[in-house]
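# Overview (structure and organization)
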Amino acid sequence: MKILGLLVALSLISCSVNKVETESCEIVTVAAFDIGSGSTKMMVADKNPCKPKIKTIHIEKSLAIGYAQDLLNNEHQGGELRFSDAIIEEGIEGMRKLNQLANAFNPQKRKGVATQAFRRAKNGEQLLQRWRDEHALDARIITQEEEAILGYQVVQTYHPTEDGKLLVWDMGGGSQQLTWFDREKQEFKFFNTNIASVTFKNRVLEWLGRDEDQNSPNPISSDEYEIAFEQGVNWIKQTLLTTEGGQELLHFIRNQAPEIRALGGVHGASLRRQLGLSPEESIKKAELIKTIQKQAGKTDAEVGGDFAATDVTNLILVRALMNVYGIDEYYFMSADLNEGIILFL
Amino acid sequence: MKLPVIKSLVEFIDNHDEDYIIETLEVLEHLSQAKGLNDEEVLVIAELISNMYGSLEVAKDIKSGTAQKDALNGFMKRVMGSIDR
C-alpha cells in the first residue's frame, strides 16, 4: 500500500523512476530553493541520485522575503494581485545572494519550487523566468497538492510510518496543507487552506482594530489574545465547513488517531524557537498556552528576529487550529521542503 | 562539515559573540567570488563557510535550551548522511 501511495506521489511531482534507473549513481551536489510566501530557503547538499539519500548537507540559509504580505498590501489597496516592484527587487537581490553562497559549493543542479504567493500573483511566473535566466535555476510553481505530497514524502523518508496512520501538517506564510493517505481508496487526501502565518496575522490586525499601516499586531495584551483566539477558532471552523477535505480531515483525526508530523516555518522555526524545543520534540497544547502567556505584551523588539511580527500570532493560530482539529500533541520535524526538492524532484 | 571544527566555533560563540562569525561569513562569502581562485581554494573557503553556518545553527539550538552535546550530535546526524534507506 505504501508503495502504491508513493508511486502516486512520484508521478504527481514528476519524479521519473525510469530517469533514476538510467542515471549514473555518482553523488551530485544540488542547490535547492524553497521559495515560500514569507521566506526563501536555500540548501546545498550532496545526494545519491539512485536512492533517496542525502549524503551531506553543506549549507542552509534562509532570507525573510515577504511575498505574501506584499500581495496582501496590494489587494488591500484595491490593486491587482501582482508583486510590487519593491518586492521583485528584494527577491532578485535575495536570490542573487543565495546563489552566490551556493556557488561556493559548486552545485551541478539548481532546483526550486515556489508556493502560495506565486500561485496567486499574476507576475509570479515572470520573476521565476528571470531567475531561470540569471541563475540557471530550474524553478517552477507547484500546486498545493504537489507541495503537500512533497512534504508527505519528506516525512515518510525520515520517519517511515504505515500509510493511513500518518498525518503531515505543513504550514508556512501563505498556506497550510494537511495530507494523509486513504488506504481504502488508495489515494492521497488533502485539506488545503490559505489560513497561515501571514494571512492570520493580518486578520488579527483587523480583529484588534490596529491602524491600517501597522504591519505587526504586537504587543498583544492577554485580553486581545483571547479575542484573536476566539475569532481564529470561528474562521477555522467556517473554513473547515466550506473547504473540500475539511470534514474528512476531522473524521480521519478522530477515527484513526494518526501520528502527526509537522513541517514548515511556523512549526519548525517559529514555534520551535519560542517553545525552546529540540529537534523531533513534540508540541503540546499545554506548553503552547504557557508560551502565549509568556509572549503576550511583548513588542517586536522584545520578541526579536526577522519574523517578530508573526511569531506571537503563530502561537495563537496553532492553538486555535489544535483546538478545532482536536489535536493535543504533534511532532515537528527539522526537515523542510528543500530536502524533498533535493530527494524527489 | 567537521564536528570538532563546529564544536570549536560554538565555544568561540559562547565566549565571545556570534556577530564575529556572521561578519567573518560575509568576508568569506565575498572572498569566494574572487577571481583567480582555483577550485580547490574555493572548496576550502566553502568548507569554512559551511562549518560556520553549522556552528550558528548549533549555537541557536543551545540558546533555546538544548544541551551542547545533544545540539552538536543532533545537528551532525541531520547533515551527515542522516537519510540512508
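Residues numbered from 1 in each chain as written. Chains lettered and ligands numbered in written order. Predicted model: local features only at pLDDT ≥ 70, side-chain atom pairs only at ≥ 80, totals over all residues.

What follows is about the overall build of chain B. A tally of regular secondary structure across chain B gives four helices and zero strands. Counting from the amino terminus, helix and strand elements in chain B follow one another as α-α-α-α. Considered along the principal axes of its C-alpha atoms, chain B spans approximately 45 × 40 × 15 Å. Burial statistics for chain B: of 85 residues in total, 27% are counted as buried. Across chain B, contacts joining residues at least 24 apart in sequence account for 63% of those joining residues at least 6 apart. (Helix = DSSP H or I, 4+ residues; strand = E, 2+ residues; numbered from the N terminus. Buried ≥ 20, exposed ≤ 12 C-beta atoms within 10 Å, placed from the backbone. Contact = placed C-beta atoms within 7 Å.)

Helices and strands together make up the secondary structure of chain A, namely 15 helices and 11 strands. The C-alpha radius of gyration computed for chain A amounts to 20 Å, which stays within 12% of the reference 20 Å derived for 345 residues, consistent with globular compactness. Split into buried and exposed, the 345 residues of chain A put 46% on the buried side. Considering only intrachain contacts with a sequence separation of at least 6, the fraction spanning at least 24 residues in chain A is 74%. (Rg over C-alpha atoms; globule rule 2.2 N^0.38 Å.)

Residue and element names in this part refer to chain A. Read across the open sheet, the six strands follow the order S8-S7-S6-S9-S11-S10; overall the sheet is mixed. The sheet is open, and its two edges are formed by strand S8 (187–193) and strand S10 (282–284), each paired on a single side. Recorded for the sheet is a direction-independent mean angle of 25° between the axes of neighbouring strands. In the sheet, strand S9 (residues 259–263) pairs with strand S11 (residues 329–332) via two bridges, with the strands oriented parallel. Across the sheet, the residue bridging to Ala-262 is Phe-332, located in S11. Where helix H10 (residues 246–256) meets the sheet, it contacts strand S6 (166–171), strand S7 (176–182) and S8, and its direction lies at approximately 115° from that of S8. (Pairing = 2+ DSSP bridges. Axes fitted to C-alpha atoms, helices over the stretch in contact; angles between N-to-C directions.)

Here the focus is the interface of chain B and chain A. Where the parts come together, the accessible area they lose is often given as the size of the interface. Counting residues at the interface gives 23 residues for chain B and 21 residues for chain A. Elements with a minimum of two residues in the side of chain B that touches chain A: helix H3 (39–63) and helix H4 (68–79) of chain B. If one sorts the elements of the side of chain B that touches chain A by residue count, H3 of chain B sits on top with seven residues. Its residues placed into classes, the side of chain B that touches chain A shows eight nonpolar, nine polar and six charged. (Nonpolar A, V, L, I, M, F, W, Y, C, P; charged D, E, K, R; others polar.)

Residue and element names in this part refer to chain A. Following both chains from N to C, one finds helix H4 (residues 85–103) and helix H6 (residues 124–135) inclined at 30°, their axes separated by 11 Å at the closest point. In terms of their interaxial angle, H4 and H6 are classed as roughly parallel. H4 and H6 meet at a crossing whose hand is right-handed. On the side of H4, the interface is formed by Ile-88, Gly-91, Ile-92, Met-95 and Asn-99, while H6 contributes Leu-127, Arg-130, Trp-131 and His-135. Residues that form the contact of H4 with H6 fall into these classes: five nonpolar, three polar and one charged. (Parallel < 35°, antiparallel > 145°, perpendicular 65-115°, else oblique. Left-handed = near helix turned anticlockwise from the far one by under 90°.)

This brings us to the domain arrangement of chain A. Residue and element names in this part refer to chain A. When cut into domains, chain A gives domain 1 (2–145) and domain 2 (148–332). On a C-alpha basis, the centres of domain 1 and domain 2 stand 23 Å from each other. Facing the 21 residues of domain 1 at the interface are 25 residues of domain 2. Every element with two or more residues in the side of domain 1 that touches domain 2 is listed here: helix H1 (2–12), helix H3 (67–76), helix H5 (116–120) and helix H7 (144–158). At six residues, the largest contribution of residues to the side of domain 1 that touches domain 2 is made by H1. When the residues that make up the side of domain 1 that touches domain 2 are grouped by side-chain class, the tally is 10 nonpolar, nine polar and two charged. (Domains from an automatic or database assignment.)

This next bit is on the confidence of the model for chain B. All names here are of chain B. Of all residues in chain B, 94% have pLDDT values of 70 or greater, and the mean over the chain is 88. H4 is the least confidently modelled element of chain B, averaging 87 in pLDDT, while helix H1 (residues 3–15) averages 95, the highest of any element. With a pTM of 0.85, the predicted complex shows an ipTM of 0.78. (pLDDT = per-residue confidence, 0-100.)

So, on to unusual backbone geometry. All names here are of chain A. In the segment running from Asn-218 into Pro-219, the intervening peptide bond is cis, with an omega of 0°. When you line up the elements, Pro-219 lands in the loop between helix H8 (197–207) and helix H9 (222–242). A positive phi angle is found at Asn-106, which is not glycine, with a value near 50°. Secondary-structure assignment places Asn-106 in the loop between H4 and strand S4 (109–114). Taking the C-beta count within 10 Å as the criterion, Asn-106 has 14 such neighbours and is therefore assigned partly exposed. You will see that Gln-186, though not glycine, has its phi angle at about 55°, which is positive.

A few words now on the pairing of strand S1 (residues 28–35) of chain A. Residue and element names in this part refer to chain A. S1 sits mainly inside the fold: six of its eight residues count as buried. Bridge count for S1 against strand S2 (residues 39–48) is eight bridges, and the pairing is antiparallel. Across the sheet, residue Val-30 finds its bridge partner in S2, namely Ala-45. As consecutive antiparallel partners, S1 and S2 are separated by three residues. Judged from the six bridges that link them, S1 and S4 form a sheet pairing that is parallel. Paired with Ala-31 across the bridge in S4 is Arg-110.

To continue, consider the confidence of the model for chain A. With 93% of its residues at a pLDDT of 70 or more, chain A shows a mean pLDDT of 90. When the criterion is pLDDT under 50, residues 1–21 of chain A qualifies, and its contacts beyond four places in sequence or with other chains add up to 26 contacts.

Let us now look at helix H11 (residues 265–275) of chain A. Among the 11 residues that make up H11 of chain A, nine are buried, leaving the element largely enclosed by the rest of the structure. Within H11 of chain A the residues assigned to the buried category are Gly-265, Val-266, His-267, Gly-268, Ala-269, Ser-270, Leu-271, Arg-272 and Gln-274 of chain A.

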